[in-house]
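Next come the chains, spelled out residue by residue.
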Protein chains: 2
Amino acid sequence: MAITQLFKYFQKFTPLHLDNEEQILLESKFIQRRVKRRQMILQEGFVCKHYFFVAEGCFRMYGIDDKGYEHNIQFAAESDWIADIGSFHSNKPSKLFIEAIEPSVILQIEQQDLYFLYNNIPKLNRIFKVIIENKYVELQNHVLQTFSSTAEQRYLSFLEQYSDLASRLPNTQIASYLGITPEFLSKIRKDLTKK
Amino acid sequence: MAITQLFKYFQKFTPLHLDNEEQILLESKFIQRRVKRRQMILQEGFVCKHYFFVAEGCFRMYGIDDKGYEHNIQFAAESDWIADIGSFHSNKPSKLFIEAIEPSVILQIEQQDLYFLYNNIPKLNRIFKVIIENKYVELQNHVLQTFSSTAEQRYLSFLEQYSDLASRLPNTQIASYLGITPEFLSKIRKDLTKK
DNA sequence: TAATACGCTTAATATAGTTTAAGGGTAAAA
DNA sequence: TTTTACCCTTAAACTATATTAAGCGTATTA
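The rules behind these values
Residues numbered from 1 in each chain as written. Chains lettered and ligands numbered in written order. Predicted model: local features only at pLDDT ≥ 70, side-chain atom pairs only at ≥ 80, totals over all residues. Heavy atoms only, no water. Buried < 20%, exposed > 50% of the residue type's maximum accessible area, 1.4 Å probe, protein only. Helix = DSSP H or I, 4+ residues; strand = E, 2+ residues; numbered from the N terminus. Arc of directions from axis to C-beta. Contact = heavy atoms within 4.5 Å. Near = heavy atom within 4 Å. Polar contact = N/O pair within 3.5 Å; in protein donor to acceptor, adjacent residues only side chain to side chain.

Some remarks on helix α6 (residues 151-161) of chain A
Residues and elements named next belong to chain A.
Okay, step 1: The set of residues buried in α6 consists of Ala151, Arg154, Tyr155 and Phe158. Take α6 and look down its axis: the buried residues cluster within an arc of 100°, on one side only.
Okay, step 2: Elements that come into contact with the buried residues of α6 comprise β5 (70-76), α5 (123-148), α7 (163-168), α8 (171-178) and α9 (182-194).

Description of the protein's contact with DNA strand C
Okay, step 1: Around DNA strand C, 17 residues are found, and the nearest of them are Thr181 of chain A together with Asn171, Thr172, Ser186 and Lys190 of chain B.
Okay, step 2: Contacts to DNA strand C include Arg38 of chain B, whose side-chain N or O atom sits 3.4 Å from a phosphate oxygen.
Okay, step 3: One of the side-chain N or O atoms of Arg189 of chain B is found 3.3 Å from a phosphate oxygen in DNA strand C.
Okay, step 4: Put simply, the parts of the chain that give the surface near DNA strand C at least two residues each are α6 and α9 of chain A together with α8 (171-178) and α9 (182-194) of chain B.
Okay, step 5: Per element, the largest residue contribution to the surface near DNA strand C is 4 residues, and it comes from α9 of chain B.

Structural notes on the protein's contact with DNA strand D
Okay, step 1: In the region of DNA strand D, 18 residues are neighbours, and Asn171, Thr172, Ser186 and Lys190 of chain A together with Thr181 of chain B sit closest.
Okay, step 2: Sugar and phosphate atoms constitute 79% of the interface atoms of DNA strand D, taking the interface as everything within 4 Å of the protein.
Okay, step 3: Note that a phosphate oxygen of DNA strand D is positioned 3.3 Å from one of the side-chain N or O atoms of Arg189 of chain A.
Okay, step 4: Contributions of two or more residues to the surface near DNA strand D are made by α8 and α9 of chain A together with α6 (151-161) and α9 of chain B.

Below you can see the structure in the form of structure tokens.
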């Protein structure tokens with residue numbers, strides 16, 4: 001069951017263990033859902049109504065530029081969270097898409113329910129503070145990488161830092177995350193084999 | 001006094017008002033500090049020991065690439081927070097610099113003291129969760145901007161979104177934030193006057 | 001007040017990465 | 001099983017942006 005995976009995930013946040021009563025409350029607010037490959041769980045123009053916990057599979061979050069090109073800004077695999085936090089809290093339409101790259105299972109929670117949990121299980125505030133801090137650090141590192149090195153160096157760091165993801169993702173998706181075209185990534189890979 | 005500014009800032013987080021006792025506790029943990037223009041409050045290689053609340057003035061956070069070029073990733077002016085969150089929580093050396101762009105006044109708090117406050121004023125967890133959510137959204141928008149448009153469009157959006165900052169910052173700093181050279185920003189500005 | 005550093009601009013040359021187009025291989029769908 | 005869609009590659013032409021270098025004005029600092 002996906003919900004036990006979520007409990008295990010929260011258990012990592014020692015010393016903030018959830019008691020039985022709290023777990024039951026949690027379970028009542030999360031809904032489990034199966035998502036097909038390529039299925040969208042968020043589309044541009046819609047408000048992001050849920051926080052998603054990935055129990056199985058893999059997702060990407062991306063935006064589309066004026067020319068119609070997609071730009072990945074985040075991946076999320078097992079035991080990771082994904083949502084357009086800005087849209088979720090402001091209730092404004094999102095500019096982003098979230099799409100399953102693999103057949104997946106998620107646990108989703110609605111805004112009102114999450115707020116209810118924040119009020120009734122105060123330690124969740126701390127847990128989610130840490131979750132978002134980690135997301136922030138990840139994003140900041142990505143920004144630093146983008147600025148501070150060539151596409152080849154960025155590709156190599158990606159392989160290192162996300163070796164598990166790298167082997168699951170098509171190169172097209174990696175290129176989009178690195179901010180380059182698939183063609184150029186292909187060239188980089190060719191040049192690397194020569195070295 | 002800078003501390004009253006911090007209280008006012010926290011008051012915005014209704015319905016999470018701090019009572020008198022909590023304010024006294026808060027005040028005892030924050031240290032006020034005057035910072036000169038160009039002075040660093042964080043340098044690469046050092047652990048980020050503090051969270052900084054900017055009461056007056058303006059800061060930039062930047063990294064340096066292999067070629068020695070600086071890349072701004074964040075500005076913080078009055079009533080904003082700045083810190084290398086990753087280094088602060090992990091106690092690992094930072095890869096970043098934080099420097100005053102103007103003569104400034106800050107309130108700083110140490111890691112242990114902040115953790116003490118998190119434990120003794122639980123609602124602070126929620127307040128800082130929201131603070132970091134906002135930081136995350138800002139950074140994500142920056143990433144989206146970077147990917148999704150030409151340097152000229154990014155410059156125009158920056159002027160719109162941060163009109164107050166834009167008038168205070170030298171163009172060199174804006175260029176560094178936009179991920180372009182000062183020379184190229186100069187060209188963009190020239191081209192824009194022609195239109 | 002003089003000296004220096006800083007910020008802005010211009011322009012010529014250089015390059016990392018894009019665009020377009022075409023072909024081949026393999027997995028999904030019919 | 002056949003067809004279609006997707007993914008990866010190659011290469012030539014192209015473009016947005018970097019690099020280098022030089023000059024000018026105005027804040028800082030000595």
